[in-house]
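Spelled out from the first residue to the last, the chains are:
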Amino acid sequence: MTVRAVVRGVGHYLPARMVPNSEFEATLDTSDEWIRTRSGIERRHFAGEGETTSSMATAAAEAALAKAGLTGADLDAIILATSTADFTFPSAATMVQQQLGMKGGFAFDVQAVCAGFVYALAQANALIVSGQARRVLVIGAETFSKLMDWTDRATCVLFGDGAGALVLEAEIGDGEPTDRGILSTDLHSDGSYRELLYVDGGVSTGTTGVLRMQGREVFRHAVEKLAATAHEALQKAGLTAADVDWIVPHQANLRIITATAQKMGLPMSKVVVTVQDHGNTSAASIPLALSVGVERGQIAEGDLLVTEAIGGGLAWGSVVLRW
Ligand code: UT7
């Protein structure tokens, strides 16, 4: 008898304001062609007036709860992966908790930048497997438009805003790789790479700061580390790449996504790709891709999924789950 964290519902929210690449041509020395060919991004959404990480997270959570046939009152915990909480504190998760009318249980944020959702899934799995919670809402939500240096063409064209959410529930499995639910997790970080990707503000500067990235270096680490962590997670689950139905990768760059799939020996027909429509939404990118993948009819019950992500820290990791 093995307790598994099984997906009951998935949902997402994207702000109404959609910005095509061409909009940057007016203010920056860039082009739609450069952005498409170097990153695969065609458009992204930016939060509108009054829209925040917690408001988008709440909208995504409501969509996921509706799919699960549940309400906030049915949850034991909320874990929200974000690097762009509305305030330094309280956590955005507790703001979502209040918006959902959830009086009991507990809620907290996880901050592992673009790897945040993978980290949050691993924490939710640990809570469920250890019996500390039965139903956990896991959200990835970001407002990276608030962290952009709009004069830096190497970064501001790459990111977008949005939110995605999953409801996980304890279910008894056989302890086999054929079980539904989270089958393995694999997390890593290495603080010595801090300078490659960071925000130059925070409580130590008294400013929010803006994102700084050495893109080429991050790219190099991404391809190598993502394929390795996916391999490790599959191995822990007693599976191989040949068993995978869908890679649901962090959506930062189509060239990273393609190179990682290639390294894993899998064709692009087994990869859920949304980067063209969302840009890089950091911790929101995987739950957004899961929700869109289900809507498109790509991901179906029983499919074996590998999610993998890397971001500031550097922090990276992957989760293997059967949908
Ligand atoms: O989610 C967190 C993890 N982040 C990532 O995974 C991002 C990883 N990195 C990347 O996705 C890519 O490195 C970028 C998309 C950021 C850049 O692509 P690249 O092929 O690595 O380009 P590059 O940084 O080597 O720059 C090539 C050229 C440079 O010009 P020179 O020095 O060759 O004259 C840049 O100045 O492209 C220039 N450039 C641009 N040109 C037009 C940089 N940004 C732009 C731009 N438009 N927006």
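Calculation rules
- Residues numbered from 1 in each chain as written.
- Predicted model: local features only at pLDDT ≥ 70, side-chain atom pairs only at ≥ 80, totals over all residues.
- Heavy atoms only, no water.
- Near = heavy atom within 4 Å.
- Polar contact = N/O pair within 3.5 Å; in protein donor to acceptor, adjacent residues only side chain to side chain.
- Areas by Shrake-Rupley, 256 points an atom, 1.4 Å probe, with all protein chains shown as cover.
- Helix = DSSP H or I, 4+ residues; strand = E, 2+ residues; numbered from the N terminus.
- Nonpolar A, V, L, I, M, F, W, Y, C, P; charged D, E, K, R; others polar.
- Domains from an automatic or database assignment.
- Pairing = 2+ DSSP bridges.
- Axes fitted to C-alpha atoms, helices over the stretch in contact; angles between N-to-C directions.
- Contact = heavy atoms within 4.5 Å.
- Buried < 20%, exposed > 50% of the residue type's maximum accessible area, 1.4 Å probe, protein only.
- Arc of directions from axis to C-beta.
- Salt bridge = Lys/Arg side-chain N within 4 Å of Asp/Glu carboxyl O.
- Parallel < 35°, antiparallel > 145°, perpendicular 65-115°, else oblique.
- Left-handed = near helix turned anticlockwise from the far one by under 90°.
- Core = buried A, V, L, I, M, F, W, Y, C linked by side-chain atoms within 4.5 Å.
- Phe/Tyr/Trp six-rings, centres within 6.5 Å; stacked < 30°, edge-to-face > 60°.

Draft legend 1. Summary view of the site of the ligand. Around the ligand sit 22 residues in total, of which T30, R38, R216, N253 and N280 are the nearest. Separating an oxygen atom of the ligand from a side-chain N or O atom of R255 is a distance of 2.8 Å. Protein chains shield 76% of the accessible area of the ligand, which is 950 Å² for the free molecule. Elements with a contribution of two residues or more to the shell around the ligand: α1 (32-39), α5 (153-156), α6 (215-236) and α7 (254-264). With four residues, the top contributor of residues to the shell around the ligand is α6. Its residues assigned to classes, the shell around the ligand shows 12 nonpolar, five polar and five charged. The two domains that each donate at least three residues to the shell around the ligand are domain 1 (2-173) and domain 2 (181-322).

Draft legend 2. Quick peek at the sheet that holds strand β7 (residues 161-173). Read across the sheet, five strands follow the order β1-β7-β6-β4-β5 without closing on themselves; strand pairing throughout is mixed. Lying at the two open borders of the sheet, with one neighbouring strand each, are β1 (2-13) and β5 (106-110). Ignoring strand direction, the axes of neighbouring strands in this sheet form an average angle of 20°. Sitting on the sheet, helix α3 (residues 92-99) is in contact with β4 (77-81), β5 and β6 (135-143), with an inclination near 140° to β5. In this fold helix α9 (residues 285-295) packs onto β1, β6 and β7, with an angle of close to 80° to the strand it touches most, β1.

Draft legend 3. How the structure looks around α7. Among the residues of α7, I256, I257, T260, A261 and M264 are the ones counted as buried. The buried residues of α7 occupy one face: seen down the axis, they fall within an arc of 130°. Opposite the packed face of α7, turned more than 90 degrees from it, sit the exposed residues Q262 and K263. Residue N253 occupies the N-cap position of α7, its side-chain oxygen lying 2.7 Å from the main-chain nitrogen of R255. Positive backbone phi, at 75°, marks G265, one or two positions downstream of α7.

Draft legend 4. Summary view of the sheet that holds strand β12 (residues 304-311). Across the sheet, which stays open at both edges, the four strands sit in the order β8-β13-β12-β11 with mixed pairing between neighbours. In this open sheet, the two strands that pair with only one neighbour each are β8 (181-189) and β11 (246-249). The mean angle between the axes of side-by-side strands here comes to 15°, regardless of whether they run parallel or antiparallel. Bridge count for β8 against strand β13 (residues 315-322) is eight bridges, and the pairing is antiparallel. Pairing of T185 across the sheet is with V319, part of β13.

Draft legend 5. The side chain of H12, seen in detail. Structurally, H12 can be placed in strand β1. A distance of 2.7 Å separates a polar atom in the side chain of H12 from a polar atom in the side chain of S291. Ignoring any residue separated from it by four or fewer positions in sequence, one finds H12 in contact with A60, A63, A163, G164, L288, S291, V292 and E295.

Draft legend 6. Seen up close, the pattern of salt bridges. What the rule picks out here adds up to 18 salt bridges. Note that R8 is salt-bridged to E169, the shortest N-O span being 2.4 Å. With R8 in strand β1 and E169 in strand β7, this pair connects stretches of sequence that are 161 residues apart. The salt bridge partner of D29 is R153, with a shortest N-O separation of 3.5 Å. Here D29, found in the loop between β2 (18-20) and α1, pairs with R153, found in helix α5; they are 124 residues apart in sequence, far enough to count as distant.

Draft legend 7. Inspection of the packing of helix α2 (residues 53-68) against α3 at higher detail. Two numbers describe how α2 lies on α3: the axes approach to 9 Å, and their chain directions differ by 50°. Between α2 and α3, the interaxial angle falls into the category oblique. By crossing handedness, the relation of α2 to α3 is classed as right-handed. On α3, the residues touching S54, A57, T58 and A61 of α2 are A92, M95, V96 and Q99. Tallied by class, residues from the contact of α2 with α3 come to five nonpolar, three polar and no charged.

Draft legend 8. A look at the nonpolar core. Residues F24, L234 and V320 are the most contacted members of the largest nonpolar core, which totals 45 residues. Listing elements by their share of this core, those giving two or more residues are α6, α7, β12 and β13. Of all the elements, α6 adds the most residues to this core, at eight residues. Two domains each put at least three residues into this core: domain 1 (2-173) and domain 2 (181-322). Setting aside its immediate chain neighbours within four residues, V320 contacts G181, I182, L183, S184, A233, L234, A237, L239, L304, L305 and V306. In this structure, I79, V138, W246 and V248 belong to the second largest nonpolar core, which totals 37 residues.

Draft legend 9. Here's a closer look at the packing of aromatic side chains. Under the criterion given, the structure shown has three aromatic pairs. With a centroid separation of 5.5 Å and an interplanar angle of 80°, the aromatic rings of F46 and W150 are classed as edge-to-face. Here W150 lies in the loop between β6 and α5 and F46 lies in the loop between β3 (43-45) and α2, a separation of 104 residues in the sequence. A residue is classified by how much of its surface remains accessible, and F46, at 5% relative accessible area, is buried. On the basis of relative accessible area, W150 is assigned to the partly exposed category, the value being 40%. The interplanar angle of 5° and the centroid separation of 6.3 Å between the aromatic rings of F106 and F108 together place this pair among those described as stacked. Note on F106: relative accessible area 33%, which makes it partly exposed. Classification of F108 by relative accessible area gives partly exposed; the value is 29%.

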